[in-house]
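This is what each chain is made of:
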Amino acid sequence: MAEVATQVAWVAGATGYVGRAVVQSLAARGVVTWAHVRPDSPRLTEWSSRFDSLGTHVRVDTTPWEEEALAAALVRAQPTLVFLLLGTTKARARQARRAGRLPAAESYQAVDYGLSHLLLQAVRRAGLAPRIVLLSALGVGPDSRLAYLQARWQLEEELRTSGLETRIARPAIITGADREEPRPLERLGAKLGDGLLALAGLLGLRLLQARYRSTNASLLAEALVGWGLHAGEVPAVLQGDDLRRPGPGAELHEAHRQADAGSREPGR
């Protein structure tokens, strides 16, 4: 249990829908967690306050997206786990254009792949070898046609040849009423899809149902954290029901946390 107890996590994409849930899950398990927030975020004060409220295990890092600066921050933090949860949307590219900024800076290639690649370069420069947990997507593969999937496949391939221990997660639709961004079409599509998949399950197509039905940030975060904490063998790609229940490392870390708390009780 000692190996689990000494984990330190760095969360890139901490302010996203899944990122916030991952930080919360890590904090609840007593894992020292560095939540990265870009220094020019218009909501920096708000994010700092929200993460500070999760307890003393969470620290907010505002290092700019520059390799040398990130490497120095990583040397200070010494993470054993790095969560790559970065992602953008077409809507953000449109917002950038309306604001007079370059929309290419908010492209999938620039954010989903580019910033993750930059962080991996910083990890190498810092001389570290943390376990990497990547939030990819269902449908990613060598023949992906969508720019969103292509960027994530490129990152997956880079990780596979990096020499770093890696957990690659490919969930289906991630949605929920707790999303800050209103996505009514996404939620409607998830409900309709889940309904059809439930019918497929009744007809015996349970593997199809398990692979494609939607999930929410809380369930996914528990799975990502659990698989990240797990030091044993894992599937090459995590998907389906593997991402709807806590990974094996979550139970181990919870057992250690409770044992540690018990050892500090009076008279023990």
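See the structure above.
These lines cover the structure that appears in this document, whether it is placed above or below. (Residues numbered from 1 in each chain as written. Predicted model: local features only at pLDDT ≥ 70, side-chain atom pairs only at ≥ 80, totals over all residues. Heavy atoms only, no water.)

## Description of helix 3 (residues 44–52)
An α-helical turn contains 3.6 residues, so any two residues separated by three or four positions project in the same direction.
Turning to step 1, where the next piece is worked out: Inspection of helix 3 places Trp47, Ser48 and Phe51 among the buried residues, and these make up the whole buried set. For helix 3, the angular spread of buried residues about the axis comes to 100 degrees, placing them on one side.
Turning to step 2, where the next piece is worked out: Of the surrounding elements, those touching the buried residues of helix 3 are helix 2 (17–28), strand 2 (32–36) and strand 3 (58–61). (Buried < 20%, exposed > 50% of the residue type's maximum accessible area, 1.4 Å probe, protein only. Helix = DSSP H or I, 4+ residues; strand = E, 2+ residues; numbered from the N terminus. Arc of directions from axis to C-beta. Contact = heavy atoms within 4.5 Å.)

## Structural notes on the pattern of salt bridges
Turning to step 1, where the next piece is worked out: All chains considered together, the criterion is met by 13 salt bridges.
Turning to step 2, where the next piece is worked out: For the salt bridge of Arg50 with Glu46, the shortest nitrogen-to-oxygen distance reads 3.1 Å. Placement of both Arg50 and Glu46 in helix 3 is noted, with a separation of four residues, approximately one turn of the helix.
Turning to step 3, where the next piece is worked out: Using a relative accessible area of 31% as the deciding quantity, one classes Arg50 as partly exposed.
Turning to step 4, where the next piece is worked out: Note that Arg152 is salt-bridged to Asp112, the shortest N-O span being 2.9 Å. One end of the pair, Arg152, is in helix 7 (residues 147–160); the other, Asp112, is in helix 6 (residues 109–125), and 40 residues separate them in sequence. (Salt bridge = Lys/Arg side-chain N within 4 Å of Asp/Glu carboxyl O.)

## Regarding the packing of aromatic side chains
Turning to step 1, where the next piece is worked out: Following the criterion strictly, the structure yields two aromatic pairs and no others.
Turning to step 2, where the next piece is worked out: Judged by centre distance (6.1 Å) and plane angle (20 degrees), the rings of Trp47 and Phe51 are stacked. One end of the pair, Trp47, and the other, Phe51, are both in helix 3, four residues apart, so they sit about a helical turn from each other. In terms of burial, Trp47 and Phe51 fall into one category: buried. (Phe/Tyr/Trp six-rings, centres within 6.5 Å; stacked < 30°, edge-to-face > 60°.)

## Digging into the nonpolar core
Turning to step 1, where the next piece is worked out: In terms of nonpolar packing, the biggest core is built from 33 residues, with Val11, Val22, Leu26, Phe51, Phe83 and Leu224 touching the most fellow members.
Turning to step 2, where the next piece is worked out: For this core, the element with the most residues is helix 10 (residues 217–229), which contributes eight residues.
Turning to step 3, where the next piece is worked out: Sequence-distant contacts of Val11, that is, excluding residues within four places in its chain, are made with Gly19, Val22, Val23, Leu26, Thr33, Trp34, Ala35, His36, Phe83 and Leu85.
Turning to step 4, where the next piece is worked out: Within the second largest apolar cluster, 28 residues are counted, among which are Trp34, Ala77, Leu86 and Ala151. (Core = buried A, V, L, I, M, F, W, Y, C linked by side-chain atoms within 4.5 Å.)

## Points about the layout of surface pockets
Turning to step 1, where the next piece is worked out: Put simply, the second largest pocket is a space of about 260 Å³.
Turning to step 2, where the next piece is worked out: What lines the second largest pocket is a set of 14 residues, among which Tyr17, Arg20, Ala21, Gln24 and Arg50 lie closest to the centre.
Turning to step 3, where the next piece is worked out: Of all the elements in the fold, those that place two or more residues in the lining of the second largest pocket are helix 2, helix 3 and helix 10.
Turning to step 4, where the next piece is worked out: Broken down by element, the residue count for the lining of the second largest pocket peaks at five residues, all from helix 2. (1 Å grid on protein atoms, 1.4 Å probe; cavity = no way out; pocket = protein on both sides within 12 Å on 5 of 7 lines; lining within 4 Å. Points joined across faces, edges and corners; volume = space filled by probe spheres on them.)

## Structural notes on the sheet that holds strand 5 (residues 131–135)
Turning to step 1, where the next piece is worked out: If you walk across this open sheet you meet the six strands as 3-2-1-4-5-6, and the pairing is parallel. Where the open sheet ends on each side, the last strands, each with one partner, are strand 3 and strand 6 (166–169). Neighbour to neighbour, the strand axes of the sheet diverge by 15 degrees on average, direction disregarded.
Turning to step 2, where the next piece is worked out: Here strand 5 runs beside strand 6; their pairing, made up of four bridges, is parallel. For Ile132, the partnering residue across the bridge sits in strand 6 and is Thr166.
Turning to step 3, where the next piece is worked out: Taken strand by strand, helix 7 contacts strand 4 (81–84), strand 5 and strand 6, and its axis lies near 165 degrees from that of strand 5. (Pairing = 2+ DSSP bridges. Axes fitted to C-alpha atoms, helices over the stretch in contact; angles between N-to-C directions.)

## Considerations on the environment of Pro248
Turning to step 1, where the next piece is worked out: Inspection of the secondary structure puts Pro248 in helix 11 (residues 248–263).
Turning to step 2, where the next piece is worked out: For Pro248, a relative accessible area of 33% corresponds to the partly exposed category.
Turning to step 3, where the next piece is worked out: Among residues more than four places away in sequence, those in contact with Pro248 are Gly226, Trp227 and His230.

## With respect to the packing of helix 4 (residues 67–77) against helix 6
Turning to step 1, where the next piece is worked out: Where helix 4 meets helix 6, the axes come as close as 8 Å, and the angle between the chain directions of the two elements is 55 degrees. By the angle between their axes, helix 4 is oblique relative to helix 6. At the point where helix 4 passes helix 6, the crossing takes the right-handed sense. Between helix 4 and helix 6, the residues in contact are Glu67, Glu68, Leu70, Ala71 and Leu74 and Leu118, Leu119, Gln121, Ala122, Val123 and Arg125, respectively.
Turning to step 2, where the next piece is worked out: Here the contact of helix 4 with helix 6 is built from residues that sort into seven nonpolar, one polar and three charged. (Parallel < 35°, antiparallel > 145°, perpendicular 65-115°, else oblique. Left-handed = near helix turned anticlockwise from the far one by under 90°. Nonpolar A, V, L, I, M, F, W, Y, C, P; charged D, E, K, R; others polar.)

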